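Coordinates in review
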Amino acid sequence: MKKSFFVILLSLLTGVSLLGQHKKPNVLIILTDDQGYHDVSYYNTKDLNTPNIDKLREDGMRLDYFYANSPVCAPTRASLMSGRYPDFVGVPGLIRSHPENSWGYLDPRTILLPSSLKKLNYHTAHIGKWNLGLESPNLPNEKGFDYFHGWLEDMMDDYWTHLRHGKNFMRLNTNKIEPVGHATDLFTQWSVDYIHQQAKSKDPFFLYLAYNAPHFPVQPPKEWLDKVLLKNPGISEKRGKLVAFIEHLDDGIGKVIDALKQSGQYENTIIVFTSDNGGHLPDLANNGGLRDGKQSMYEGGLRVPTVISWPKKIPKGSNSNAVNLSMDIFPTIMELVGGKMDHRIEGRSFAKTLLNKSDESIDRPIYFTRREGGILYGGKAYHALRLGQWKLLQNSPFQPYELYDLKNDPLEKNNLVNTNPEMVKKLNTILMTYIQQGGSTPWQKPVNR
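Please read these numbers as outputs of a predicted model, since none were measured by experiment.

This part is about the overall build of the chain. Across its full length, the chain carries 12 helices and 18 strands. Against the globule reference of 22 Å for 449 residues, the chain gives a C-alpha radius of gyration of 21 Å, in line with a compact fold. A principal-axis box enclosing the C-alpha atoms of the chain has dimensions of 75 × 55 × 50 Å. When the 449 residues of the chain are sorted by exposure, 62% land in the buried category. Excluding contacts between residues fewer than 6 apart, the proportion of contacts in the chain whose partners are at least 24 apart in sequence is 66%. Only carbon and sulfur atoms are counted for the fraction: they give 53% of the accessible area of the chain, which is about 18500 Å². In the chain, 53 positive and 47 negative side-chain charges are present, and the distance between their average locations comes to 5 Å.

It is worth spelling out the pattern of salt bridges at this point. Summed over the entire model, instances satisfying the criterion amount to 27 salt bridges. Residue D226 pairs with K222 through a salt bridge whose shortest N-O separation is 2.8 Å. Placement of the pair is D226 and K222 together in helix α6 (residues 222–231), with a separation of four residues, close to one helical turn. Here D226 falls in the partly exposed class, since its relative accessible area comes to 35%. Taking relative accessible area as the criterion, K222 reaches 60% and is therefore assigned exposed.

Geometrically, the link from A213 to P214 is a cis peptide bond, its omega value of 0° lying close to zero. Looking at where P214 falls in the secondary structure, it is placed in the loop between β10 (205–210) and α6. Each neighbour pair has its own omega, and for F216 with P217 the value is 5°, a cis peptide bond. With respect to the helices and strands, P217 occurs in the loop between β10 and α6. Phi is positive for L284, close to 70°, though the residue is something other than glycine. Positionally, L284 belongs in the loop between β11 (269–275) and α8 (299–302).

The sheet built from 10 strands is open, its strands ordered β9-β8-β5-β4-β10-β1-β11-β12-β2-β13 with mixed pairing. Bordering the open sheet on either side are β9 (175–176) and β13 (318–320), each of which pairs with just one other strand. Judged from the three bridges that link them, strand β5 (residues 147–151) and strand β8 (residues 170–172) form a sheet pairing that is antiparallel. Within β8, the residue paired with H149 across the bridge is L172. Against the sheet, helix α2 (residues 51–59) makes contact with β2 (60–63), β11, β12 (307–309) and β13, and its axis sits at roughly 105° relative to β2, the strand it touches most. Against the sheet, helix α7 (residues 237–262) contacts β1 (26–32), β10 and β11, and its axis sits at roughly 175° relative to β1.

This paragraph deals with the packing of aromatic side chains. Ring pairs (aromatic) are described by centroid distance and by the angle formed between their planes. Under the definition given, this model contains 20 aromatic pairs. With a centroid separation of 6.3 Å and an interplanar angle of 20°, the aromatic rings of F145 and Y208 are classed as stacked. Separated by 63 residues along the polypeptide, F145 in the loop between β4 (123–129) and β5 and Y208 in strand β10 bring together distant segments of the chain. Residue classification places Y208 among the buried residues on the basis of a relative accessible area of 0%.

In terms of nonpolar packing, the biggest core is built from 98 residues, with I29, F187 and F206 touching the most fellow members. Element by element, the count of residues in this core is highest for α7, at 11 residues. When neighbours within four sequence positions are excluded, F187 is seen to be in contact with I127, G128, K129, G150, W151, M156, M170, L209, A210, Y211 and N212.

Over its 19 residues, helix α12 (residues 421–439) extends 26 Å from the first C-alpha to the last, a length consistent with the 27 Å expected when each residue adds 1.5 Å. What α12 keeps buried is the set M423, V424, L427, L431, Y434 and G438. Buried residues along α12 cover an arc of 95° about the axis, so they all sit on one side. Residues of α12 that are exposed and point more than 90 degrees away from the buried face comprise E422, K425, Q436 and G439. For α12, the secondary structure elements touched by its buried residues are β15 (366–371), β16 (381–387), β17 (390–393) and β18 (402–405).

Further remarks concern the packing of helix α5 (residues 183–198) against α7. Following both chains from N to C, one finds α5 and α7 inclined at 5°, their axes separated by 9 Å at the closest point. Overall, the two elements α5 and α7 adopt an arrangement that is roughly parallel. Residues T184, D185, T188, S191, V192, I195 and H196 of α5 touch α7, and the partners they reach there are H248, L249, G252, K255, V256, A259, L260 and Q262. Taken together, the residues of the contact of α5 with α7 sort by class into six nonpolar, seven polar and two charged.

The next point concerns the environment of I127. Within the element layout of this structure, I127 appears in strand β4. Under the relative-accessibility criterion, I127 is labelled buried at 0%. Note: C-alpha distance between I127 and Q189 (62 residues apart in sequence) is 10.0 Å. Setting aside its immediate chain neighbours within four residues, I127 contacts Y147, H149, F187, W190, S191, Y194, L207, Y208, L209 and A210.

Rules and cut-offs
Residues numbered from 1 in each chain as written. Predicted model: local features only at pLDDT ≥ 70, side-chain atom pairs only at ≥ 80, totals over all residues. Heavy atoms only, no water. Helix = DSSP H or I, 4+ residues; strand = E, 2+ residues; numbered from the N terminus. Rg over C-alpha atoms; globule rule 2.2 N^0.38 Å. Buried < 20%, exposed > 50% of the residue type's maximum accessible area, 1.4 Å probe, protein only. Contact = heavy atoms within 4.5 Å. Areas by Shrake-Rupley, 256 points an atom, 1.4 Å probe, with all protein chains shown as cover. Lys, Arg positive; Asp, Glu negative; His and termini not counted. Charge placed at Lys NZ, Arg CZ, Asp CG, Glu CD. Salt bridge = Lys/Arg side-chain N within 4 Å of Asp/Glu carboxyl O. Pairing = 2+ DSSP bridges. Axes fitted to C-alpha atoms, helices over the stretch in contact; angles between N-to-C directions. Phe/Tyr/Trp six-rings, centres within 6.5 Å; stacked < 30°, edge-to-face > 60°. Core = buried A, V, L, I, M, F, W, Y, C linked by side-chain atoms within 4.5 Å. Expected span 1.5 Å × (residues − 1). Arc of directions from axis to C-beta. Parallel < 35°, antiparallel > 145°, perpendicular 65-115°, else oblique. Nonpolar A, V, L, I, M, F, W, Y, C, P; charged D, E, K, R; others polar.

In short, shape yes, function no, at least from these values alone.
Structure below.
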């Protein structure tokens, strides 16, 4: 009786509802854009400091073999939200505002994570970059989000003016807005405000916070660049800008985490931190020695820094070498919050790995695809498939397949395509079945004729 009285009293004094805080956890997914595999200081990267991401790592599990579903952003976002391979839902490539250079159209029938969580009484919000549709029926509020405050298109041409090709894609739900400030700061503040607001609710929340940073153009605030150049004498200006951009981003993540702590919600919030693809090498991203980077089917284009924390449940400071990827987050979250999957997906839950109940690193084929235009790609798709230690890849539609033994050659230096034809045949047979399934899904917006 006394305990109940003090809980109610604390709730009244703080304005924070404590009802249900020991029931279903909140869910926060933080997705960064083009952040390199080792562009976090928890991997001992010497020229960069990300204390807030590192703190999540200290409070949760580091996943060292986590893959993005694609080497570019929109397909990975489609997989993250749907739990499916990107081309199976109509997003094999980037969704852009110019139809002649857009290579995806989210199948409107696709069920996304927020819709499933809403059935469990979650309030759902998306803040930041969407990139899964510019108009109905694929706007965030039509795909399960109660609240949208962010950016519809792919990249911004400027983090201060928030335009792409001279057009404004910043929205508050469906309304066009013209906020003032650096996009990273705006998304951070909107998230902080949302977290404090939801602390007053008896219902749990799902917040999908998708930063545009550190995607080019690399535009850190001047004071952040000055600090980096001061503490890293001799660093190149280009690398210094990216480091400053990421450290500014990390500071924003810290403010979001502080909002959870200040409102008493941190301990019972599942936090996923990951990136949409590997780092962009022309901006001097650090992919930890892995081969290549963004756009590439080599490991540097697909492996991404990933940490998942839930202080109440996930062992602090733990690591996993299990191979998982973006589309697995949907079923994992659903299992962790006590939900059930009632429709078909390709992703699989790794909740038992997170809870330290078993190592779910069983071998399964994992498939990667990307379609793109221009002279380099010609509107065609290229693919990769990993099965256990083996990986078959084509790094451009116009290049032959390559085969690598990732167990003995993690940096993909020794192409075995000509010395192991049986493995090539085995992996190619599996790969073709995925390509066939993806090919049965339309990826262009229907045209009224």
